[in-house]
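Structural overview
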Amino acid sequence: MSVISSILDYNKTFVDQNKYERFQTTKYPDKKIVILTCMDTRLLELLPKAMGLRNGDAKIIKNAGAIVSHPFGSIMRSILVAIYELKVEEVCVIGHHGCGMVGLQSSSLLDAAKEKKISQEQIDILTNSGIDLSKWLTGFQCVEESVRNSVHLIKNHPLLPDSIAVHGMVIHPETGKLDRIIDGYSNIVSKDEMHIQ
């Protein structure tokens, strides 16, 4: 039986037995926070538990490395939607120690793509179209610095209100311990200050 078939079999039982009822909530996060974190499997349950989050408490966005790589990409768009449409008031970028993006080089990823039958011609088409694969498929050297970079991109986005706190943290994927890298409260403008200006 395939993985998807077993998932769908389980899902039928889940729905038939009303197991979904304990997860029901609204689309608005109770704690008014959006979290950008890594897609690492170790964080799937650990991160929310380590933060004391329950279903419905937060919006969680995941990608490889918890990276905002472009100020007008899908990650930033999701953050802005969370703020303007879903009443989010704080953003938290959470990287993790032992991330697979540390030291990732485009050459190793492209070699793996070739092993999966992606031709050099296909790669050349992307390169000749102006895609910088060496930049796009490269990770980072230091998780703390990567978190700082993502926080900086978010905080300085022209559509981000000054009243939104943007925090940066790193989690230990074995213990769940959070280390604060950037305190987002240190540079926000309060609603009272916004009215004065």
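Residues numbered from 1 in each chain as written. Predicted model: local features only at pLDDT ≥ 70, side-chain atom pairs only at ≥ 80, totals over all residues. Heavy atoms only, no water.

1. Overview of the overall build of the protein
A count of helical and extended segments in the protein gives eight helices and five strands. Principal axes of the C-alpha set define a box for the protein whose edges measure 60 × 50 × 35 Å. Sorting the 197 residues of the protein into buried and exposed places 35% on the buried side. Taking the contacts inside the protein whose residues are at least 6 apart along the sequence as the reference set, 73% of them involve residues at least 24 apart. As displayed, the protein has an accessible area near 12600 Å², and 55% of this comes from carbon and sulfur atoms. (Helix = DSSP H or I, 4+ residues; strand = E, 2+ residues; numbered from the N terminus. Buried < 20%, exposed > 50% of the residue type's maximum accessible area, 1.4 Å probe, protein only. Contact = heavy atoms within 4.5 Å. Areas by Shrake-Rupley, 256 points an atom, 1.4 Å probe, with all protein chains shown as cover.)

2. Topic: the sheet that holds strand E4 (residues 165-171)
Taking strand neighbours across the sheet as the criterion, the five strands line up as E2-E1-E3-E4-E5 in an open arrangement whose pairing is mixed. Among the strands making up the open sheet, the edge pair consists of strand E2 (58-63) and strand E5 (178-182). Between one strand axis and the next, the sheet turns through 25° on average, direction left out of account. The sheet contact formed by strand E3 (residues 90-96) and E4 spans seven bridges and is parallel. Paired with Ile94 across the strands is Met169, a residue of E4. In this fold helix H3 (residues 74-86) packs onto strand E1 (33-38), E2 and E3, with an angle of close to 175° to the strand it touches most, E2. Contacts between helix H7 (residues 143-155) and the sheet are confined to E3, E4 and E5, with E4 contributing the most and set at about 165° to the helix. (Pairing = 2+ DSSP bridges. Axes fitted to C-alpha atoms, helices over the stretch in contact; angles between N-to-C directions.)

3. Overview of helix H1 (residues 3-16)
Compared with the 20 Å implied by 1.5 Å per residue over 14 residues, the 20 Å span of H1 between its first and last C-alpha is a close match. Two residues or fewer past H1, Asn18 is found with a positive phi of approximately 55°. (Expected span 1.5 Å × (residues − 1).)

4. Looking at the nonpolar core
Formed by 37 residues in total, the largest nonpolar core has its most connected members in Ile79, Val91, Ile154 and Leu160. Mapped by element, the contributors of at least two residues to this core are E1, helix H2 (43-50), H3, E3, H7 and E4. The contact partners of Leu160, leaving out residues within four places of it in the chain, are Met76, Leu80, Ile83, Ile154, Lys155 and Val166. (Core = buried A, V, L, I, M, F, W, Y, C linked by side-chain atoms within 4.5 Å.)

5. Looking at the pairing of E1
Burial of E1 is extensive: six of the six residues sit out of reach of the surface. The sheet contact formed by E1 and E2 spans six bridges and is parallel. Across the sheet, residue Leu36 finds its bridge partner in E2, namely Ile61. In terms of handedness, the path from E1 via H2 over to E2 forms a crossover that is right-handed. Of the pairings in the sheet, the one linking E1 to E3 comprises five bridges and is parallel in character. Looking at E3, one finds that Thr37 is bridged to Ile94. (Right-handed = clockwise from strand over helix to strand, strands pointing away.)

6. What about the pattern of salt bridges?
For the structure shown, the criterion picks out six salt bridges. Here Lys177 ties to Asp179 by a salt bridge, and the two come within 2.4 Å at their closest N and O atoms. For Asp179, a relative accessible area of 22% gives the class partly exposed. Note that Arg180 is salt-bridged to Asp183, the shortest N-O span being 3.7 Å. The class of Asp183 is partly exposed, set by a relative accessible area of 31%. Each of the salt bridges in this network shares a partner with another, and the network as a whole consists of Asp40, Arg42 and Glu174. (Salt bridge = Lys/Arg side-chain N within 4 Å of Asp/Glu carboxyl O.)

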